[in-house]
Amino acid sequence: MERNKMSYKVSQFLMFAGPASILFLGTVIIPFIYGLYLTFTSWDGVSKAKPFVGLTNYMAAFADAPYWQALGRTVVYSIFSVLFINIVAFLLAYMVTSGVKGQNFFRAGFFIPNLIGGIVLGYVWKFVFNRAFVAIAESISGGTAPSLLSTTNGAMFCLILVSVWQYAGYMMLIYVAGFMSVPESLKEAAMIDGCNTFQATMNVTIPLMRASFVQCIFLSITRCFMVYDLNLSLTKGEPFNSSVMAAMHVYNQAFTYKNYGTGQAEALILFVVCAIIGVTQVYIGKKGEVAA
Amino acid sequence: MEEKRTAGSGLSRALMMIVLIIFFLAFVLPFVLVIINVFKTKGDINSAPLALIGSHGFILSNFPEAMKKMDFWRVFGNSTIITTCSTILTILVSCMAAFVIVRNNKWKACALLFSAMIASMVIPFQVLMVPLVSVYGGLFGVLNHRLTLILLHTGFSVSMATFMFHGAIHTNIPLELEEAAYIDGCTRWQTFWKIVFPLLKPTVATVAIIDAMAFWNDYLLPSLVLQKKELYTIPIATQAFYGTYSTDIGLVMAALLLAMLPILILYLFLQKYIVKGVTSGAVKG
């Protein structure tokens, strides 16, 4: 009776979901809509005036060659990182669920890089690449050796290597959960039917771990695609802006060069890419549920 | 829970162990390098970064100097306050929201809020940073307050947390339990806090671990909100320190180790819970 009244509904909703709604609206929804509006203005970041300029910012974004180079570079970086993150993570998960001694110790150890933020990790690795690896190279060659970070391809390689190092332990935990969710009896049945361990893993365990694969691959895609902290501390976009990833380009465009409108338009293009990735994940995930 | 897979012969097992040890050494190598160099002078690091002990011997002076220059205790305090408050606030507002969303899923406001939260998870932070600075910096002028950062942190993590609490309430809390409480005279507010919330402990732990780690390590949002030196968190202070003292590599080593130590020490004690929390969070999310 009383529970169907509008006032009851409103007060209950506000009591329980009010704080969450306000914070969510204030930090995500309103800035998102306001950001859309900003892309149609030429705001300079300081003045109150936000002159309406139509599609100029989008034209500028489409004509911004460094942006598209950064985006292309991010795609290349993401492909390699995602591939190696998942290969390493899967192998580690396979090994730490195989019953070897100290597997919990290894699991805990491989996870350590995830505890520390990209900024600190980047500086740690910068030291490793610039000093330790250089010292090793110099002792081998006998002369002076350049740091990997000082060349274009080297910097890219370093970013991929550190990303794999950073995320493999995390993805490993998801694969471990996947391995543990496959009942041992299924694999035993396959072995009785004549499969060897490798065949049983390939044909029984892996297909049943589909959800883990979808999860890990998409998680690593989004993480890598939006890389910023590591990019900032490890390479800072150097040498010669050749390792600037998309997120860093957007940051520089907006906050360093003060082209807020263009920067925001470029950020929205990133959002479209993320949305496509997200929708694809949901679609692939759903498809798997039906088939299973 | 402990699985024992029969993985082939003793030979393949030994091989696996060797591969695991090699990977493990590669995983800890950067940390080891920082630790051995933190006790050397600048000159020793430059001349022999791989040596265990520098030619000037084992020195401790890098630590106090880096601590002073980084203003470590203040920075550590800032990070602790911000992380703790944001985590608690996130948990409180999200579990309440999830409760009303699950139990009153027919209400339009609930359905709308929940769909908006789910959809918002694909929005990258880069899309929101310019408008955030514009609104909260330009319009309201509330940057450079810890509270602003706490509320923004909470706002960003509330959708994911609500989603996780939604799943937990939906599958784990029987409606009969709440009905029994209503019959006994509890209001809805009391029922939630006295009956439902205590049963959500495992999810609270998961959300707390995931969000606390994310807040502690976050760099981009805090760097936009907190631009005054006395408000810096650990990641911002590390970045600023590196910018100023990058040539004084001994100090940098000490600062990096200081930045990593709190969470590593915590991991030493809470390792089991952290691994469990992260796994269940990742698998559910």
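Sequence positions are assigned chain by chain, starting from 1 and proceeding in written order. Chain letters and ligand numbers both follow the written order, the letters beginning at A and the numbers at 1. Only residues with pLDDT of at least 70 get local features here, since the model is predicted, and only at 80 or more are side-chain atom pairs given and counted; chain-wide, interface and lining totals rely on the full set of residues. Neither water nor hydrogens contribute to the side-chain values; these are computed over all heavy atoms in the structure.

## Quick word on the overall build of chain A
Part 1: A run of H or I in DSSP counts as a helix once it spans at least four residues, and a run of E counts as a strand once it spans at least two, with each numbered from the N terminus. For chain A, the count of helices and strands is 12 helices and zero strands.
Part 2: Reading the secondary structure of chain A in the N-to-C direction produces α-α-α-α-α-α-α-α-α-α-α-α.
Part 3: Relative to a compact globule of 292 residues, whose C-alpha radius of gyration would be 19 Å, chain A shows 24 Å and is clearly more extended.
Part 4: If you line up chain A on its principal axes, its C-alpha atoms span 85 × 75 × 30 Å. We compute the radius of gyration from the C-alpha atoms alone; for a globule the expected value is 2.2 Å times N to the 0.38, where N is the number of residues.

## Examining the interface of chain B and chain A
Part 1: Listed as interface residues are 88 residues of chain B and, on the opposing side, 89 residues of chain A.
Part 2: When two components associate, each loses some accessible surface as probed by a 1.4 Å sphere; the sum of these losses over both components is called the buried area. Across the chain B to chain A interface the summed buried area is about 8300 Å²; carbon plus sulfur atoms make up 78%.
Part 3: Two N or O atoms count as a polar contact when they lie within 3.5 Å, although within protein this holds only if one can serve as hydrogen donor and the other as acceptor, and sequence-adjacent residues are included solely when both atoms are side-chain atoms. Summed over the shared surface of chain B and chain A, the number is nine residue pairs in polar contact (both at pLDDT 80 or more).
Part 4: Per element, the largest residue contribution to the side of chain B that touches chain A is 16 residues, and it comes from helix α1 (residues 10-38) of chain B.
Part 5: Residue composition of the side of chain B that touches chain A, grouped by class: 67 nonpolar, 15 polar and six charged. Note on contacts: a residue pair qualifies if any of its non-hydrogen atoms lie within 4.5 Å across the two residues. Just so you know the grouping, Ala, Val, Leu, Ile, Met, Phe, Trp, Tyr, Cys and Pro go in nonpolar, Asp, Glu, Lys and Arg go in charged, and all remaining residues, Gly too, go in polar.

## Comments concerning the packing of aromatic side chains
Part 1: Two aromatic rings from Phe, Tyr or Trp, using only the six-membered ring of Trp, form a pair when their centres are within 6.5 Å; if the ring planes differ by under 30 degrees the pair is stacked, by over 60 it is edge-to-face, and anything between is tilted. By the definition in use, this model includes 47 aromatic pairs over all chains.
Part 2: On the basis of an interplanar angle of 65° and a centroid distance of 5.9 Å, the ring pair of A:Phe105 and A:Phe106 is categorised as edge-to-face.
Part 3: For the exposure calls, accessible area comes from a 1.4 Å probe over protein chains only, and a residue counts as buried if that area is under 20% of its type's maximum, exposed if over 50%, partly exposed in between. For A:Phe105, a relative accessible area of 52% corresponds to the exposed category.
Part 4: With a relative accessible area of 5%, A:Phe106 lands in the buried category.
Part 5: Aromatic pair A:Phe111 and B:Tyr267: ring centres 6.2 Å apart, planes at 40°, arrangement tilted.

## With respect to the confidence of the model for chain B
Residue and element names in this part refer to chain B.
Part 1: Looking at chain B, pLDDT values average 86 and 96% of them are 70 or higher.
Part 2: Least confident of the elements in chain B is helix α2 (residues 42-47), whose mean pLDDT is 78; most confident is helix α4 (residues 72-103), at 93.
Part 3: pLDDT is a residue-level measure of predictor confidence that goes from 0 to 100. Ignoring residues within four places in sequence, the model shows residues 1-7, a span with pLDDT below 50, making 22 contacts including any to other chains.

## Quick look at helix α3 (residues 62-70) of chain B
All names here are of chain B.
Part 1: Three or more residues of α3 are buried, namely Asn62, Phe63, Ala66 and Met70. Burial along α3 is one-sided: seen end-on, the buried residues are contained in an arc of 95°.
Part 2: Taken from the residues just after α3, aspartate 71 is the one with a positive phi, measuring 55°. What the arc covers is the set of directions going from the helix axis to the C-beta atoms.

## Describing the domain arrangement of chain B
Part 1: Residue ranges assigned to each domain were obtained from an automatic or database domain assignment. Split by domain assignment, chain B resolves into domain 1 (10-63) and domain 2 (72-245).
Part 2: A C-alpha centroid distance of 38 Å is found between domain 1 of chain B and domain 2 of chain B.

## Some remarks on a nonpolar patch on the surface
Part 1: Every patch collects residues that have over 30% relative accessible area and no salt bridge, joining them within 9 Å if they carry like charges and within 5 Å if they are nonpolar side chains (Val, Leu, Ile, Met, Phe, Trp, Tyr). Per-residue accessibility takes into account occlusion by the displayed protein chains alone, with areas from the Shrake-Rupley method and a 1.4 Å probe. One speaks of a salt bridge when a side-chain nitrogen belonging to Lys or Arg is within 4 Å of a carboxyl oxygen belonging to Asp or Glu. The grouping of B:Leu261, B:Ile265, B:Leu266, B:Leu268, B:Phe269, B:Leu270 and B:Tyr273 at the surface amounts to a nonpolar patch, some 720 Å² of accessible area in total.
Part 2: Among the secondary structure elements, B:Leu266 is positioned in helix α13 (residues 249-284).

## Describing the pattern of salt bridges
All names here are of chain B.
Part 1: This model, assessed by the stated rule, comprises three salt bridges over all chains.
Part 2: In this structure, lysine 69 engages glutamate 65 in a salt bridge whose closest nitrogen and oxygen atoms are separated by 2.9 Å. Of this pair, lysine 69 and glutamate 65 are both found in helix α3, four residues apart, which corresponds to roughly one turn of the helix.
Part 3: Look at glutamate 65 and you get partly exposed, because its relative accessible area is 36%.
Part 4: Measuring nitrogen to oxygen at the nearest pair gives 3.0 Å for the salt bridge that ties aspartate 71 to arginine 74.
Part 5: By relative accessible area, arginine 74 is classed as partly exposed at 43%.

## Structural notes on the environment of A:Val124
Residue and element names in this part refer to chain A.
Part 1: If you trace the backbone, valine 124 turns up in helix α5 (residues 118-141).
Part 2: By relative accessible area, valine 124 is classed as buried at 0%.
Part 3: Separated by 110 residues in sequence, valine 124 and leucine 234 place their C-alpha atoms 8.4 Å apart.

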